[in-house]
Each structure stands twice: as structure tokens, then as C-alpha cells.
Amino acid sequence: MDIHDSVKFSLSAKFDKTNPKGVHVAENTYIAFDVAILTHDFTRGVRRHTRIGRNCFIGARSIILPGVEIGDGSIVAAGSVVVKNVPANSIVAGNPAKVIRENISVGAYGRFLNADEVQQQESLENGFN
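Residues numbered from 1 in each chain as written. Predicted model: local features only at pLDDT ≥ 70, side-chain atom pairs only at ≥ 80, totals over all residues. Heavy atoms only, no water.

A. The arrangement of the sheet that holds strand β14 (residues 81-82) in detail. Read across the open sheet, the four strands follow the order β3-β6-β11-β14; overall the sheet is parallel. For this open sheet the edge positions go to β3 (14-15) and β14, each flanked by a neighbour on one side alone. The sheet contact formed by strand β6 (residues 36-37) and strand β11 (residues 63-64) spans two bridges and is parallel. Across the sheet, Ala36 pairs through a bridge with Ile63, a residue of β11. (Pairing = 2+ DSSP bridges. Helix = DSSP H or I, 4+ residues; strand = E, 2+ residues; numbered from the N terminus.)

So this is what it looks like as C-alpha cells:
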């Protein structure tokens, strides 16, 4: 497997061990709980490289199918089934996953650039400090 040292992932994330050489995850990417990253399809006899770019966020319980490439700075919404390549700087959601927003800007781990400000404002409004 080719997983950059800066990648953060839940211990319940599943990386395909049948074809581990096919798993590639670039720096500053976050992989949430119960995500499955597949690199083989037993029924079709397929073994493919599956690549996730830099600064991506892969939402909980998503499935990334063999051979898919997720572009840098992209977000995969929770529960999505990604069956084809995801363009850089976009958000995909659904089953099958479709682009729902393009030309987004994110920082490390797929966090929106204003995420800290939003979190701080919500904390103030809800009485959390």
C-alpha cells in the first residue's frame, strides 16, 4: 500500500488487502469510519489501482470501487458509492456518486477554508466555549 504518513483514517476503514499494491492515498487526506477502498473485483477478475489525491475527505461508510481516481481537494459525502473518477476540487454524493459541486477550495484533510470560523461561531451561539 502507498499511504502517505500524513493521512488520517479511522481504525474501522477497510483497505483492500487482496490487492494491497493498488491502494494509493496522498498526503493530508482524511478517511472516515467504515470506508471501504477496493482494488479488486473477484467476480470480474479485475485488479486495479485505486487512487485518492491530496487534501481529500472521504465520508463515513463510503465505498470506493476498483480503479477509481479521486482528484486533489475533493470531498466524498458519507454513504457514497464511487464508481467513476472524481474531478479535482469537487464534491460527490449518492449511489452512484455524482458531482454536486465543483471548483471548491479546501485545506488539509478536505476541510473548507472557513471551517474553523464556522465552528467558532456555532460554539458561541450554542454557549460552548
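B. Spatial organisation of the sheet that holds strand β2 (residues 8-9). Strand order in the open sheet made by the six strands is β2-β5-β10-β13-β15-β16, with mixed pairing throughout. This sheet does not close on itself; its edge strands, each paired only once, are β2 and β16 (97-102). Two strands pair when backbone bridges link them, and strand β15 (residues 90-94) and β16 are joined in this way by five bridges, in the antiparallel orientation. Paired with Val92 across the strands is Val99, a residue of β16.

C. Looking closely at the environment of Glu102. Within the element layout of this structure, Glu102 appears in strand β16. Given a relative accessible area of 55%, Glu102 falls into the exposed group. A C-alpha to C-alpha distance of 9.0 Å links Glu102 and Ser74, two positions 28 residues apart in sequence. Filtering out sequence-adjacent residues up to four positions away, Glu102 remains in contact with Asn89 and Ser90. (Buried < 20%, exposed > 50% of the residue type's maximum accessible area, 1.4 Å probe, protein only. Contact = heavy atoms within 4.5 Å.)

D. Representation of the packing of aromatic side chains within the structure. Applying the stated criterion across every chain yields a total of two aromatic pairs. Ring geometry for Phe9 against Phe15: centres 5.1 Å apart, planes inclined by 80 degrees, an arrangement best described as edge-to-face. We classify Phe15 as buried; its relative accessible area is 12%. The interplanar angle of 5 degrees and the centroid separation of 5.5 Å between the aromatic rings of Tyr30 and Phe57 together place this pair among those described as stacked. With Tyr30 in strand β5 (residues 30-31) and Phe57 in strand β10 (residues 57-58), this residue pair connects regions lying 27 residues apart in the sequence. Judged by relative accessible area, Tyr30 falls into the partly exposed class, the value being 31%. On the basis of relative accessible area, Phe57 is assigned to the partly exposed category, the value being 29%. The cationic tip of Lys8 hangs over the ring face of Tyr109; the distance from NZ or CZ to the ring centre is 4.7 Å. (Phe/Tyr/Trp six-rings, centres within 6.5 Å; stacked < 30°, edge-to-face > 60°. Lys NZ or Arg CZ within 6 Å of the ring centre and 35° of its normal.)

E. View of the nonpolar core. Ile31, Ile58 and Ile70 are the most contacted members of the largest nonpolar core, which has 19 residues in total. When neighbours within four sequence positions are excluded, Ile70 is seen to be in contact with Arg51, Ile52, Gly53, Cys56, Ile58, Ile64, Val76 and Val86. (Core = buried A, V, L, I, M, F, W, Y, C linked by side-chain atoms within 4.5 Å.)

F. Quick look at unusual backbone geometry. Of note, the bond from Asn95 into Pro96 is cis; its omega dihedral lies within 30 degrees of zero at 0 degrees. Within the secondary structure layout, Pro96 lies in the loop between β15 and β16. Not every positive phi belongs to a glycine, and Asn55 is a case in point at roughly 55 degrees. Mapped onto the secondary structure, Asn55 falls in the loop between β9 (50-52) and β10. With a phi close to 55 degrees, Asn103 is a non-glycine residue in the positive phi region. Counting through the fold element by element, Asn103 comes out in the loop between β16 and α1 (115-125).

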